[in-house]
Amino acid sequence: MDLVYDVVVVGGGVAGVSAAIAASRIGARVLLLEKDMSFGGVLTTALVNPMMTFHSPARQVIGGIGQEIIDRLVSVQGSYGHIDDPIGFVKSITPFDPEKMKSSLIELLVEEGVDFLFNSLVASVSREGDSISTITTESTGEKNRVNAEVFIDSTGGGNLSIRAGAYYNIGDGSPSSCQPMTLVMRIGGVNREEIISYVNGNRDDFVINEHTDLSYLGIAGFFSFMNRIDDYGISFKRDRLLFFEIPYHPGQVFMNTTRYPGYANTSKELTKAQSKGNIDVWRFMNFLKKEIPGFENSFLIQTGCHIGVRETTHIVGDYVLKTNDLIDRKPFDDSIAVGSYPIDIHLPSSAELKTISIPYPGEYHIPMRSLIPKGLANVILAGRAISADHTAFSAVRTSPLATATGMAAGITAALAVKHRRLVRDVNIDLIQREIVEMGGIL
Ligand SMILES: Cc1cc2nc3c(=O)[nH]c(=O)nc-3n(C[C@H](O)[C@H](O)[C@H](O)COP(=O)(O)OP(=O)(O)OC[C@H]3O[C@@H](n4cnc5c(N)ncnc54)[C@H](O)[C@@H]3O)c2cc1C
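Note that the coordinates shown come from a computational prediction; the quantities given were computed from them, not determined experimentally.

Let's talk about the side chain of Thr137
Reasoning step 1: Tracing the chain through its elements places Thr137 in strand β7 (residues 131-138).
Reasoning step 2: Not counting residues up to four positions away in its chain, the partners in contact with Thr137 are Leu33, Ser120, Leu121, Val122, Glu142, Lys143, Asn144 and Val146.

As structure tokens, then:
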């Protein structure tokens, strides 16, 4: 089939969905393509939870379509909305039910008049000069050729841009430096009262402070138990358990604890990590049931259908966001979003995290130029795919900011079509005005 649209968005994570909605709202005819069978990307296929963070220590910094998604989830009992981070790492966290996320994103896209196709892997790209002219999707049974004036790359690793010939780096300069993958588990039968009582009696064993409110359980700790995981034949190393309650599902948590180093862009290493995870989960459940207070009667409900991939490739944009841009809170005239999640690197070679906080008010800006792949004329990056170095990426990869860069990408794409401009030539004042009009925060 041959399809023609104004704007085509490749990748239906929260960035791609936000981009598609924003572009459609400005009047573009939009097609959203997703290789899997749900929207939400790693938030639904890999069970990543909660979204963090919509707030800096001083104010809400992510609004717009990201906030609309949360409002919709709250209205269907799919989220409690933003709550104080019990761990105190960030200002707020936003836990949600991934099944309600899937349905809510589809409803929002339908309401906005966005066309979409699942089971549509964008496998090849044709170029005319510096522009993508046609992309070809492959699925079981058919190929579609799709033409558009502007393409948004919200594939996470930027694989649309790479197929189009964009420059890119891998991890911190080598495949082995990518942050590790995590197979998240959904676990039921957890006794929250027992956990609260244990935490209150052993506060040194947890990341906790005097303001911690345990009415919602977000737990990082049980540090003193973690050297016992070797006794259970578990193949990964981790210094803590990290888990979060699932809204409106009493006794259920998402456990984000496994870790598998590897370069997820090769089938071999991705398969190795996924396979180790699928075997480790039962050994890990055994460890939890035998060792961890509150997990005696727990049971595994599911793991993500994909192992969660944190990092692979980084596209080189017109501007590459650098670590010091975040730490120094560098102002940009072409700012299109504000983030507040700190630098947070899961080290591939050890059980620990490397974190660097952003000085008060804990806010940094994302320039529009970091959404434009160098050398391409009609492609815009969104979400995890935006251009950043390895360390800055560890902060800007998070999901609320992905909705904000997605919204900015969608707005810019639609304006480029409307005003017949190349994406890097769209007037920045116009982009910023539309962002604020759509509820975005600058
Ligand atoms: C284990 C783990 C824990 C994390 N923890 C947190 C957390 O606690 N809080 C938080 O906010 N963030 C967290 N993150 C980061 C965050 O969830 C993601 O970086 C963010 O959600 C990325 O959103 P996205 O839309 O940019 O990309 P993704 O969610 O990766 O979506 C990209 C989509 O593109 C599709 N796609 C890719 N290539 C193609 C193609 N060629 N054709 C068609 N479709 C394609 C994919 O199937 C996918 O659906 C975590 C990530 C991981 C992996």
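Brief notes about the pattern of salt bridges
A side chain with one charge may pair with a side chain of the opposite charge, provided their charged atoms come close.
Reasoning step 1: On inspection of all chains with the given rule, the structure shows 20 salt bridges.
Reasoning step 2: For Asp230, the salt bridge goes to Lys237, with nearest N and O atoms at 3.2 Å.
Reasoning step 3: In this structure, Asp334 engages Arg369 in a salt bridge whose closest nitrogen and oxygen atoms are separated by 2.8 Å. Remark: Arg369 occurs in the loop between β19 (364-367) and β20 (379-381) and Asp334 occurs in the loop between α8 (323-327) and β16 (335-339); sequence separation between them is 35 residues.
Reasoning step 4: Classification of Asp334 by relative accessible area gives buried; the value is 11%.

Concerning the site of the ligand
Reasoning step 1: Taken together, 36 residues surround the ligand, and among them Glu34, Pro50, Arg384, Arg397 and Ser399 come closest.
Reasoning step 2: Contact distances for the ligand include 3.2 Å between a nitrogen atom and a backbone N or O atom of Lys35.
Reasoning step 3: Here Val42 contributes a backbone N or O atom positioned 2.9 Å from an oxygen atom of the ligand.
Reasoning step 4: Coverage of the ligand by the protein amounts to 95% of the 1,000 Å² it exposes when considered alone.
Reasoning step 5: Among the elements of the structure, α1 (14-25), α2 (42-45), β6 (121-128), α5 (159-163) and α10 (399-419) are those that each provide at least two residues to the shell around the ligand.

Looking at the packing of aromatic side chains
Reasoning step 1: In this structure the tally under the stated criterion is 18 aromatic pairs.
Reasoning step 2: Considering the side-chain rings of Phe89 and Tyr341, the 5.7 Å spacing of their centres and the 80° angle between planes classify their relative orientation as edge-to-face. You can see Phe89 sitting in the loop between β3 (83-84) and β4 (92-93) and its partner Tyr341 sitting in the loop between β16 and β17 (343-346), a full 252 residues away along the chain.
Reasoning step 3: Owing to a relative accessible area of 33%, Phe89 belongs among the partly exposed residues under this scheme.
Reasoning step 4: With a centroid separation of 5.9 Å and 75° between ring planes, the pair formed by Phe236 and Tyr260 is classed as edge-to-face. One end of the pair, Phe236, is in the loop between β11 (218-221) and β12 (241-245); the other, Tyr260, is in the loop between β13 (253-255) and α7 (267-291), and 24 residues separate them in sequence. The two residues Phe236 and Tyr260 agree in class, both being buried.

Side note on empty space enclosed by the protein
Reasoning step 1: Taken as a whole, this structure holds 3 cavities of 30 Å³ or more when the rule is applied.
Reasoning step 2: Considered as a void within the structure, the largest cavity measures approximately 60 Å³ in volume.
Reasoning step 3: Contributing to the lining of the largest cavity are Val61, Ile62, Gly63, Gly64, Ile336, Ala337, Val338, Ala404, Met407, Ile435, Gly440 and Ile441.
Reasoning step 4: Mapped onto the lining of the largest cavity, the elements with two or more residues apiece are β16 and α10.
Reasoning step 5: Counting residues per element, the lining of the largest cavity draws most heavily on β16, at 3 residues.
Reasoning step 6: Taken as a whole, the second largest cavity spans an internal volume of roughly 40 Å³.
Reasoning step 7: Lining the second largest cavity, in full, are Pro86, Val199, Phe206, Val207, Ile208, Thr212, Leu214, Gly218, Ile219 and Ala220.
Reasoning step 8: Counting residues per element, the lining of the second largest cavity draws most heavily on β11, at 3 residues.
Reasoning step 9: Residues belonging to the lining of the second largest cavity are distributed by class as follows: 8 nonpolar, 2 polar and no charged.

Criteria and cut-off values
Residues numbered from 1 in each chain as written. Predicted model: local features only at pLDDT ≥ 70, side-chain atom pairs only at ≥ 80, totals over all residues. Heavy atoms only, no water. Helix = DSSP H or I, 4+ residues; strand = E, 2+ residues; numbered from the N terminus. Contact = heavy atoms within 4.5 Å. Salt bridge = Lys/Arg side-chain N within 4 Å of Asp/Glu carboxyl O. Buried < 20%, exposed > 50% of the residue type's maximum accessible area, 1.4 Å probe, protein only. Near = heavy atom within 4 Å. Polar contact = N/O pair within 3.5 Å; in protein donor to acceptor, adjacent residues only side chain to side chain. Areas by Shrake-Rupley, 256 points an atom, 1.4 Å probe, with all protein chains shown as cover. Phe/Tyr/Trp six-rings, centres within 6.5 Å; stacked < 30°, edge-to-face > 60°. 1 Å grid on protein atoms, 1.4 Å probe; cavity = no way out; pocket = protein on both sides within 12 Å on 5 of 7 lines; lining within 4 Å. Points joined across faces, edges and corners; volume = space filled by probe spheres on them. Nonpolar A, V, L, I, M, F, W, Y, C, P; charged D, E, K, R; others polar.

These figures capture arrangement, not role.
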